[in-house]
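What follows is the residue order along each chain.
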Amino acid sequence: DDSEGEAEEYLFKVVIIGDSAVGKSNLLSRYARNEFNLHSKATIGVEFQTQSMDIDGKEVKAQIWDTAGQERFRAVTSAYYRGAFGALLVYDISRRSTFENVGRWLQELNTHSDTTVAKMLVGNKCDLDNIREVPVEEGKALAEAESMFFMETSALDATNVETAFEIVIKEIYSNVS
Ligand code: GDP
Ligand code: MG
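Residues numbered from 1 in each chain as written. Chains lettered and ligands numbered in written order. Predicted model: local features only at pLDDT ≥ 70, side-chain atom pairs only at ≥ 80, totals over all residues. Heavy atoms only, no water.

### A short note on the packing of helix α1 (residues 24-33) against helix α6 (residues 161-176)
As a packed pair, α1 and α6 sit with axes 9 Å apart at the nearest point and diverge in direction by 85°. Relative to α6, the element α1 lies roughly perpendicular. Residues Leu 27, Leu 28, Arg 30 and Tyr 31 of α1 form the contact with α6, whose own contacting residues are Val 161, Glu 162, Phe 165, Glu 166 and Ile 169. Split by residue class, the contact of α1 with α6 holds six nonpolar, no polar and three charged. (Axes fitted to C-alpha atoms, helices over the stretch in contact; angles between N-to-C directions. Helix = DSSP H or I, 4+ residues; strand = E, 2+ residues; numbered from the N terminus. Parallel < 35°, antiparallel > 145°, perpendicular 65-115°, else oblique. Contact = heavy atoms within 4.5 Å. Nonpolar A, V, L, I, M, F, W, Y, C, P; charged D, E, K, R; others polar.)

Written as structure tokens, this is what we have:
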């Protein structure tokens, strides 16, 4: 703690979860580095990026964790979730099965978290509207039913990516301050 009266520091852990290939790694690389990879390969092991934003004149840092391929083997460990104050639950709007699995991810998140977690349901790949398998309304309805924020994003064309992360980070900030 800051017994010497220095500026307060905020560092929040945020996790990204969801089925393989829904675009989790690209959402993070778009947000943290403004990069997108058409053929991103899964690397094994946990990775995170730290990103800062300004809220009420305070520097708030988010340490954003990416499963880095573990989800392929259903091997996302409790260490991954530990200490998370925010989560992005991602599905692919062009692959219905990834939406149907959101419930499983939500359950896993709830099992592993011992605090209030700010949650955003993310329908990624909204640039693929022509092959959409999940209507926007269904995403919205699920999010409402489970008290999550909701946003459709595209890591490819950057639609709503920054907004999605920032809503979660602002919500965490307002939960703790
Ligand atoms: P992850 O397994 O959830 O981390 O998914 P990746 O980020 O590795 O992305 C899986 C594949 O989907 C890659 O070929 C990406 O290029 C592609 N992808 C990711 N985000 C988008 C998006 O918003 N739109 C489109 N069209 N493709 C995307
Ligand atoms: Mg990945």
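Now that the structure has been shown, we can carry on.
### Notes on the packing of aromatic side chains
Tallied over the full model, the rule gives eight aromatic pairs. Aromatic pair Tyr 10 and Tyr 173: ring centres 5.1 Å apart, planes at 70°, arrangement edge-to-face. Here the residue Tyr 10 occupies a position in strand β1 (residues 10-18), and Tyr 173 occupies one in helix α6, the gap between them amounting to 163 residues. Take Tyr 173: its relative accessible area is 6%, and that puts it in the buried class. Aromatic side chains Tyr 80 and Tyr 81 sit 5.7 Å apart centroid to centroid with 85° between the ring planes, which places their arrangement in the edge-to-face category. (Phe/Tyr/Trp six-rings, centres within 6.5 Å; stacked < 30°, edge-to-face > 60°. Buried < 20%, exposed > 50% of the residue type's maximum accessible area, 1.4 Å probe, protein only.)

### Concerning the pattern of salt bridges
Overall, the coordinates contain eight salt bridges when judged by the stated rule. A salt bridge links Arg 96 to Glu 138, with the nearest nitrogen and oxygen atoms 2.7 Å apart. Taken as a pair, Arg 96 in helix α3 (residues 96-100) and Glu 138 in helix α5 (residues 136-145) lie far apart in primary sequence, 42 residues in all. Look at Glu 138 and you get partly exposed, because its relative accessible area is 30%. Two residues, Glu 152 and Arg 132, come together in a salt bridge whose shortest N-O distance is 2.8 Å. Separated by 20 residues along the polypeptide, Glu 152 in strand β6 (residues 149-152) and Arg 132 in the loop between β5 (118-124) and α5 bring together distant segments of the chain. The exposure class assigned to Arg 132 is partly exposed, which follows from its relative accessible area of 25%. (Salt bridge = Lys/Arg side-chain N within 4 Å of Asp/Glu carboxyl O.)

### With respect to a negative patch on the surface
Taken together, Glu 9, Asp 54, Asp 56 and Glu 59 make up a surface patch of like negative charges. For Glu 59, the position within the fold is in strand β3 (residues 58-66). Note on Glu 59: relative accessible area 48%, which makes it partly exposed. (Patch = residues over 30% accessible without salt bridge, like charges linked within 9 Å, V, L, I, M, F, W, Y side chains within 5 Å. Areas by Shrake-Rupley, 256 points an atom, 1.4 Å probe, with all protein chains shown as cover. Lys, Arg positive; Asp, Glu negative; His and termini not counted. Charge placed at Lys NZ, Arg CZ, Asp CG, Glu CD.)

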